[in-house]
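# Commentary on secondary and tertiary structure
Below, each chain spelled out in residue letters.
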Amino acid sequence: MNKMTEQKEIQIQGKNTADEDVIDLREVFFVLLNGWKAIFLAFLIGAAAFGAYHHFMIKPSYQADAKIYITNTDSMITFSDLQLSAALTEDYANIIKSRTVLKRVIDELQLNLNFTQLGELVRVENPDSTHIIHIFVTCDDFELSRNIANALMNISVEQIYQIIGSGEPNIIDYAEAEAVEDVTPGLKKYMAMGGLLGAFAVCAFLVIRMLMNTTLKTEEDIDRYLHMPVLAAVPYYREKNNKK
């Protein structure tokens, strides 16, 4: 009998723990529904704050690009030449962003930057299954981004030929003013992000406050958490003041 009693107590305790751990999604829904005004207000405040940050703090960004083709410059190109070019493509990309090349660009354009700062403005990509090196330069000056891209490409071509020696890379595209793109993050994107963050913060606050509130409000709460029957209920009565 004692063992059976202990097993029943364990089952009841386990049931109580499981009931306590369950989150009532319907209750969460109504909490969020009742707080829709605060959520909407937080959305507007977040959108306005991020919009103001974008307007006053975000500088415009311009991106210029140039392309070079990595292969042998001889008139007769063999399959082994193409294989060698593909194997060396990553080496070429590392040469383009090397300290030597970046310092030569700084000296040529007389930039008020060090090679580390210039390297952060440069991105080098190699599309899959191609021998093309794509050079991107992004900064807050329209003309400067184009000038850096062209200087970087010209100096890189010379440096690659001096180091590799298997053939001078061919230039596909110079950076041109018409091709420079404005890549500044959009105002709508910032405002949407700020609004969503503000709304999410308020939703999280409302849900956490609901979960932290252990007050028993209804008969269902008593049955769920205390597992006791409700014997009587006293209605709330608010006395009205009679004005004479």
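The structure we're discussing is the one just above.
Source: prediction; values computed, not measured.

Our focus in this paragraph is the overall build of the protein chain. Secondary structure summary: the protein chain contains nine helices and five strands in total. Taken from N to C terminus, the helices and strands of the protein chain fall in the order α-α-α-β-α-α-α-β-β-α-β-β-α-α. Contacts in the protein chain between residues at least 24 apart in sequence constitute 74% of all its contacts with a sequence separation of at least 6. A total accessible area of about 17,600 Å² is found for the protein chain, and carbon and sulfur atoms account for 57% of it.

Right, let's get into the side chain of Q159. Among the secondary structure elements, Q159 is positioned in helix α7 (residues 142-164). Taking relative accessible area as the criterion, Q159 reaches 11% and is therefore assigned buried. Within the local environment of Q159, its side chain forms a polar contact with the side chain of R104, the two groups lying 3.5 Å apart.

What follows deals with the pattern of salt bridges. Considering all chains together, one arrives at three salt bridges under this definition. A salt bridge links E158 to R104; the nearest nitrogen and oxygen atoms lie 3.0 Å apart. Highlighted residues: E158 in helix α7 and R104 in helix α5 (residues 99-109), separated in sequence by 54 residues. The class for E158 is partly exposed, based on a relative accessible area of 38%. Note that E125 and R123 form a salt bridge whose closest N and O atoms lie 2.8 Å from each other. Under the relative-accessibility criterion, E125 is labelled partly exposed at 35%.

In terms of nonpolar packing, the biggest core is built from 27 residues, with I68, I96, V105, L118, I135 and L152 touching the most fellow members. Those residues in contact with I68 that sit more than four places away from it in its chain are I96, H131, I132, I133, M153, V157, I160, P169, N170, I171 and I172. Counting residues in hydrophobic clusters, the runner-up holds five residues, among them I39, A42, V202 and L206.

We now examine α7. Helical geometry note: an α-helix holds 3.6 residues per turn, so side chains three or four residues apart project in the same direction. With 23 residues, α7 should cover 33 Å at 1.5 Å per step; its first-to-last C-alpha distance of 33 Å lies within 8% of that length. Regarding α7, the residues found buried are S145, I148, A149, N150, A151, L152, M153, I155, S156, V157, Q159 and I160.

A contiguous nonpolar patch, built from L216, Y225, L226 and M228 and spanning about 360 Å² of accessible area, is present on the exposed surface. On the secondary structure map, L226 appears in helix α9 (residues 219-226).

This part covers the packing of α5 against α7. The geometry of α5 relative to α7 is characterised by a closest axis approach of 9 Å and an angle of 130 degrees between their N-to-C directions. In terms of axis orientation, α5 runs oblique to α7. Like other packed secondary-structure pairs, α5 and α7 cross with a definite hand, here right-handed. Facing α5, whose interface residues are T100, V101, L102, R104, V105, E108 and L109, α7 presents N147, I148, A151, L152, I155, S156, E158 and Q159.

With that out of the way, let us pick up the side chain of H54. For H54, the position within the fold is in helix α3 (residues 36-57). Overall, H54 belongs to the buried group, its relative accessible area being 13%. Setting aside its immediate chain neighbours within four residues, H54 contacts T184, P185, G186, L187 and Y190.

The rules behind these values
Every chain is numbered on its own, with residues counted from 1 as its sequence reads. Owing to the predicted nature of the model, reporting of local features is limited to residues with pLDDT of at least 70; listing and counting of side-chain atom pairs is limited to 80 or more, with chain, interface and lining totals taken over all residues. No hydrogens and no water enter the side-chain calculation; it runs on all heavy atoms of the structure. Numbering goes from the N terminus for both helices and strands, where a helix is a DSSP run of H or I of at least four residues and a strand is a run of E of at least two. The contact rule is simple, with two residues in contact once any of their heavy atoms fall within 4.5 Å. To measure how exposed things are, a 1.4 Å probe is used in the Shrake-Rupley method; for residues, cover is taken only from the protein chains shown. We call a residue buried when its accessible area falls under 20% of the maximum for its residue type, exposed when it is over 50%, and partly exposed in between, using a 1.4 Å probe and counting protein chains only. Identification of polar contacts relies on pairs of N or O atoms within 3.5 Å, with a donor-acceptor requirement for protein atoms, meaning one able to donate a hydrogen and the other able to accept it, and with residues adjacent in sequence counted only if both atoms are side-chain atoms. The term salt bridge refers to a side-chain nitrogen of Lys or Arg lying within 4 Å of a carboxyl oxygen of Asp or Glu. Buried residues of nine kinds, namely Ala, Val, Leu, Ile, Met, Phe, Trp, Tyr and Cys, make up a nonpolar core once their side-chain atoms join them within 4.5 Å. An expected span of 1.5 Å times one less than the residue number is assigned to each helix. Two joining distances apply to patches: 9 Å for like charges and 5 Å for nonpolar side chains (Val, Leu, Ile, Met, Phe, Trp, Tyr), and every residue must have over 30% relative accessible area and no salt bridge. Helix axes are fitted only over the stretch in contact, all axes being lines through C-alpha atoms; the angle between N-to-C directions runs from 0 to 180 degrees. Any angle from 65 to 115 degrees is called roughly perpendicular, while one under 35 is roughly parallel, one over 145 is roughly antiparallel, and all others are oblique. Note on convention: near helix rotated counterclockwise from far helix by under a right angle means a left-handed crossing. Clockwise means right-handed.

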